[in-house]
Every structure is written in C-alpha cells, then in structure tokens.
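A structural walkthrough
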Amino acid sequence: MVATLRAPIDVQIEITQSCNQKCRHCYNFWRSNGKVIKKGQHFSRSSLQQIINELVLNQVISITITGGEPFIRKDDTFALLSMAKKSGLLASINSNFSLVDDYDIARLANEYDVPILVSLLSSDPDKHALLSGTSKCEYTRVIKSIERAVHYGLPVSINMVLMKENFSDVNDLARLAKELGVKTFCVTKALPNPRNTENDFLLTSKEVLRSLQDLISIEKSLQLPVDVLGCYPKCLLVGSDAYQRFFHRVCVAGKTTITIGSSGEVRPCSHITRSYGNVIEESLEDIWLRMDDWRKDYFLPTLCSNCPISSWCTGGCRVNTLETGFGNMDMHADPEILTGILIDQLNPERFKTKLNDLSGYLVFLHPKVKFREEEFGALVYRSDQWSMIFVNNQASDFLKNLRHGEIFSSDEFLKKSDATCEEEKQTVLNLFNRLISKKILVTSKN
C-alpha cells in the first residue's frame, strides 16, 4: 500500500456472536468446539449509534454488517442499516441467508437496496449441510431466499469458502449461481483455524492455483463475474493467468479496513484476535493510529522483505500460516520461484493501457463522485464501495475544479499533469484508465 489513509474506508461490524450454523472452517475466535452459539455477545442499540457517529466523524465510507449471523438479530440489523442510511454510509451484509423471510427481503430491497454476500459451500445439499453443520432443509431455504432477493432486484453475490471437501464442486456451484442470477461468484480459500491443529481441510498450493484457473474459465464460459475475497502471495500466481486477473487482491488489514467485534474491540482483520482498543470507550482516531504497524508492513516476513515485488504483494495473507505470529510466511508463498525472472516481467504496469490507446478519449466526471481529503491527495469514490481510487493532490485538484458535465480528453488530462518523460506519461494514463474502469470518469461507452 503506497498511500497511508487517515481513517479506514470500510468497517466490518460483527453485530452479534450468535450463529445458527457451525461451519467447519469458521474463523470466529469466540467459537468453541464448532458448537452453534445461540446467545452470543451483541451490541446494544445505543452502542450501535455511538459506533456510527464515530465512523461518520472519521469519514469512513462504508460498513459491512456481519457476525456471527446478523439476521439472528434482525431488529438490530435493520436498525443499523437505517442508522447508516441516515448518516450517508454505504452498507452491505454478509450472511448465510437462511433466516430471512419474504418480508425481510422486500424490506432490504425497498428501503435499503443493500448488497448481500451469501455463503454457500456447495451445490450439493448434502455436502453444504455437512460443511455448514445444518440440514438440507436449511440449504433449500437459502436457495429460495437468494431467488427472492434476485427477483426483488437486490445485488446478491455468492461466496464459496473452498476446502478439500468441496474443491471439486466449484464449476457446479458456479452454474447454479448463474441460474440464480447472482451478481458475482466468489471463491475464497479456507484459512488455517487456530482451534483445529490438524487443519486437514486446507488446500495445497496446486489446488489453490487450480481453483483460480477454474474461476477464470467460469468467467469466460458462463459470462459470470468472478472474484476472490482473500489475498494470495504473487509468487504463487506468477506464470499463470491468475497473476494478472487477481493481482489487485492484497492484504488490506489495518490499511483500508478494520473489524469491530460485538464488544466494541477493534481488530485489523476479522480473522485476527488481537485488539487495538475499544471503540465504545475511546476514539476511532486513536485506535487507528495505534494500528500503524499494519500500514508500515511491520509484519512482512523477513524473506518477503527482500523480494523485488514485496511492495505490490505485501507477502500474501498474515493469517494463512500454520504457525502462531503475524510475521510468518504465507503457507502458499515461495519467493525462490521469482529467481531469474526479470523485474519488468513482474511489473503490474505492463498490463495497463498503452499510451496511444486513449489518445483523444472524451470523458466527464460522474455526477455522484465524492472526495475524501487525504495527506497524499484524496480518496475518490462514487456510490458504492467498489468504485474507490487514490489520487494525488494534482489529480484531485484537477477533478474537483471541473464544471458539472465538463468534457475533457486524455490529452488534456496528460497536459495538466505536467508529465514529461514517457514513464511519467504512462503513469498518468494508467490513472486515467483506472478512473474510467471505476466509472469515476464516464465515457460514451459507460
């Protein structure tokens, strides 16, 4: 991460510890022996409002409501959605989606139009029931809930946590996702579980690569958008199509996101137990400053620190290790693979737009674009948490000074940047291209 933010962008709020499932891979550190927790810790309504106020004060852009299972406490979940909407915060929900009824879905669509990420472990009802610790009846309820949500126009995505038992089910579940009409199909590798010393459900590096190649094939054959929700060391991906396709996924713990547990304790990542303070008892600003070790890559493994692409990679995932401690190597990392490979071949910039590709391109600034001032310039975003991009002060000033609907070209953008050499011009046009891809800048094609 080149830029250091003054506050997180997205905050995961674990609204409750309670859950109606006992997934084998569950990472929540309060779980014990895989048992269902029905009366776990949860926020009071006043505490939720206090958290929202603190997020607004720090200009946090979005929240993700999670748990446990958030719909175990429906009233609190809807109350939090209302607080976020009133405060101008974007919101999304992570859920197993087994506890919602038609009224809940209609309300989610009509009052909030909130994105939903649904956890589904297989297209086989028996296998999903086995891995989630539930029943085939619950699987049927989830499928029907997804169908209703899509019918109401809600942006629903499916996330498949991948492990040994469901590794062969990726393509079948993708076809089901396509039939259901979901927005995106995600496959995310299961992470080591500190309460399960065997960790016999984890994928090998070869299997991880295979799953990513399957995703790329699925995107092409089914015309279904795909993604991964975890990060992977780039030395694992180099030499495969996945290197380019999933290069953007890096560890953002304590850099752009944090997790607030149901007691108010703030952690850099949902998978991490370490707390940096309690947001009910002190300011988010103080807690965020205390988390500076994550932004300075203090926990980057020693072997990774000498890697030529460490600044682009960040060493993979800090909890994807079978040993205790944040500074250990990602179990799928192997920096020696990069020996003898020219740095230019690993540079992500080679995948970007060529200088002549955008010559004369006419664009204008999307009318819903917003800016959050940062020391390096600004965080520019639109109406969803996926449209964000960092720009320096020069680019920020240029965009903010545009008149409503003012049309300009890539050539004018280049000229205002004062770039002289070819390398500087390439960097500016790469930014211009990213602004278009994020639909910050709108062309006739958008």
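Before reading on, note that the structure itself is shown above.
Overview of the structure. If you're wondering where the values come from, they're calculated on a predicted model, not measured in any experiment. Residues take numbers from 1 onward in each chain, read along the sequence in its written order. Restriction of local features to residues with pLDDT of at least 70 applies here, the model being predicted, together with a cutoff of 80 or more for giving and counting side-chain atom pairs; totals for whole chains, interfaces and linings are based on all residues. Note that water and hydrogens are dropped before the side-chain values are worked out from all heavy atoms of the structure.

Some details on the overall build of the protein
Put simply, DSSP H or I for four residues or longer makes a helix, DSSP E for two residues or longer makes a strand, and each gets a number counted from the N terminus. Looking only at helices and strands, the protein features 17 helices and 15 strands. Dimensions of the protein, computed from C-alpha atoms along their principal axes, come out at roughly 65 × 50 × 45 Å. Type-normalised accessible area, obtained with a 1.4 Å probe on protein chains alone, sets the label of each residue: buried when under 20%, exposed when over 50%, and partly exposed for intermediate values. Burial status across the protein gives 54% buried among its 446 residues. Here, residues are in contact when the closest pair of their heavy atoms is within 4.5 Å. For the protein, the share of sequence-separated contacts (at least 6 apart) that also reach a separation of at least 24 residues comes to 69%. Accessible surface is estimated by sampling points in the Shrake-Rupley manner with a 1.4 Å probe; for residues, cover comes only from the protein chains shown. As displayed, the protein has an accessible area near 20600 Å², and 49% of this comes from carbon and sulfur atoms. We count Lys and Arg on the positive side and Asp and Glu on the negative side, and we leave His and both chain ends out. Taken as the charge location is NZ of Lys, CZ of Arg, CG of Asp or CD of Glu. Treating the 53 positive side-chain charges of the protein as one cloud and the 53 negative ones as another, the clouds have centres 3 Å apart.

Details of unusual backbone geometry
In this chain, Gly67 is followed by Gly68 through a cis amide linkage whose omega measures 20°. Note that Gly68 resides in the loop between strand 2 (62-66) and helix 2 (74-87). One non-glycine residue, Gln223, adopts positive backbone phi at about 55°. Tracing the chain through its elements places Gln223 in the loop between helix 7 (205-222) and strand 7 (226-227). Judged by its relative accessible area of 60%, Gln223 falls in the exposed class. Despite not being glycine, Asp418 shows a phi value in the positive range, around 65°. For Asp418, the position within the fold is in the loop between helix 16 (410-417) and helix 17 (422-437). Residue classification places Asp418 among the exposed residues on the basis of a relative accessible area of 56%.

Let's talk about the sheet that holds strand 6 (residues 184-189)
Note on pairing: DSSP must find at least two bridges between two strands before they are called paired. One open sheet holds the 9 strands; their spatial order is 7-6-5-4-3-2-1-8-9, and the pairing between them is mixed. Two strands close off the open sheet at either side, each with one partner strand: strand 7 and strand 9 (266-267). Strand direction decides the pairing type here: strand 4 (residues 116-119) and strand 5 (residues 156-162), joined by 4 bridges, are parallel. Directly across from Ile116, in strand 5, lies its bridge partner Val156. Against the sheet, helix 5 (residues 136-151) touches strand 4 and strand 5, its axis set at about 150° to strand 5. Here an axis means a line fitted to C-alpha atoms, over the contact stretch when the element is a helix, while the angle between two N-to-C directions is reported on a 0 to 180 degree scale.

Notes on the state of the cysteines
Criterion for a disulfide: a pair of cysteine sulfur atoms at a distance within 2.5 Å. Taken as a whole, this structure holds 0 disulfides when the rule is applied. Summary of cysteine pairing: Cys304 is not part of a disulfide, and the nearest cysteine sulfur, belonging to Cys313, is at 6.4 Å. Take Cys304: its relative accessible area is 7%, and that puts it in the buried class.

Examining the nonpolar core
We define a nonpolar core as any set of buried Ala, Val, Leu, Ile, Met, Phe, Trp, Tyr and Cys residues linked to one another through side-chain atoms lying within 4.5 Å. If you look at the biggest cluster of nonpolar residues, it comprises 100 residues, and the most contacted ones within it are Ile63 and Phe185. In contact with Ile63, not counting residues within four places along its chain, are Asp10, Val11, Ile13, Ile52, Leu55, Leu80, Ala84, Leu89, Leu90, Ala91 and Ser92. Judged by nonpolar contacts, the second largest core, of 23 residues, contains Phe408, Leu414, Ala419 and Val428.

Considering the pattern of salt bridges
Basic side-chain nitrogens of Lys or Arg form a salt bridge, by our definition, when they fall within 4 Å of a carboxyl oxygen of Asp or Glu. Counted under the stated rule, the structure contains 26 salt bridges. Among the salt bridges present, the one from Asp214 reaches Arg210, with a minimum N-O distance of 3.2 Å. Of this pair, Asp214 and Arg210 both sit in helix 7, 4 residues apart, which is roughly one turn of the helix. Bridged by salt links that share partners, the residues Arg24, Glu165 and Asp200 form one connected network.

A look at the side chain of Thr259
Here Thr259 is to be found in strand 8 (residues 257-260). What makes Thr259 buried here is its relative accessible area of 2%. Side chain to side chain, Thr259 and Ser270 meet in a polar contact 2.7 Å long. Apart from residues lying up to four places away in sequence, Thr259 is in contact with Gln12, Glu14, Glu265, Val266, Arg267, Cys269 and Ser270. Two N or O atoms form a polar contact when they lie within 3.5 Å of each other; inside protein one atom must be a possible hydrogen donor and the other a possible acceptor, and for residues adjacent in sequence the pair counts only when both atoms belong to side chains.

Considering the environment of Thr140
Turning to its location among the elements, Thr140 is positioned in helix 5. Take Thr140: its relative accessible area is 37%, and that puts it in the partly exposed class. Put simply, Thr140 and Val380 are 240 residues apart on the chain and 41 Å apart in space, counted from C-alpha to C-alpha.

Details of the packing of helix 6 (residues 170-180) against helix 7
It is the contact of helix 6 with helix 7, at a shortest axis distance of 11 Å, that shows an interaxial angle of 35°. By crossing handedness, the relation of helix 6 to helix 7 is classed as right-handed. The residues of helix 7 that touch helix 6, namely those facing Val170, Asn171, Ala174, Arg175 and Lys178, are Asp214, Ile218 and Leu222. Polar here means any residue other than Ala, Val, Leu, Ile, Met, Phe, Trp, Tyr, Cys and Pro, which are nonpolar, and Asp, Glu, Lys and Arg, which are charged; Gly is therefore polar. Residue classes in the contact of helix 6 with helix 7 are distributed as 4 nonpolar, 1 polar and 3 charged. Two helices cross in a left-handed way if the nearer one is turned anticlockwise from the farther one by less than a right angle. They cross in a right-handed way if the turn is clockwise.

A few points about the pairing of strand 12 (residues 377-381)
When you tally the buried positions in strand 12, you get 5 out of 5 residues, the bulk of the element. Taken together, the 5 bridges between strand 11 (residues 370-374) and strand 12 define a ladder with antiparallel strand orientation. Each bridged residue has a counterpart across the sheet, and for Glu373 the counterpart in strand 12 is Ala378. Between the end of strand 11 and the start of strand 12, which pair antiparallel, lie 2 residues. Note that strand 12 and strand 13 (residues 389-392) share 4 bridges and pair antiparallel. Among the inter-strand pairings, Ala378 is bridged to a residue of strand 13, identified as Val391.

Observations regarding the pairing of strand 1 (residues 10-14)
Most of strand 1 is tucked away, with 5 of its 5 residues classed as buried. Burial along strand 1 is two-sided: Asp10, Gln12 and Glu14 and Val11 and Ile13, pointing in opposite directions, are all buried. With 5 bridges connecting them, strand 1 and strand 2 associate as parallel partners. Paired with Gln12 across the two strands is Thr64, which belongs to strand 2. Pairing between strand 1 and strand 8: 4 bridges, direction parallel. Pairing of Asp10 across the sheet is with Thr257, part of strand 8.

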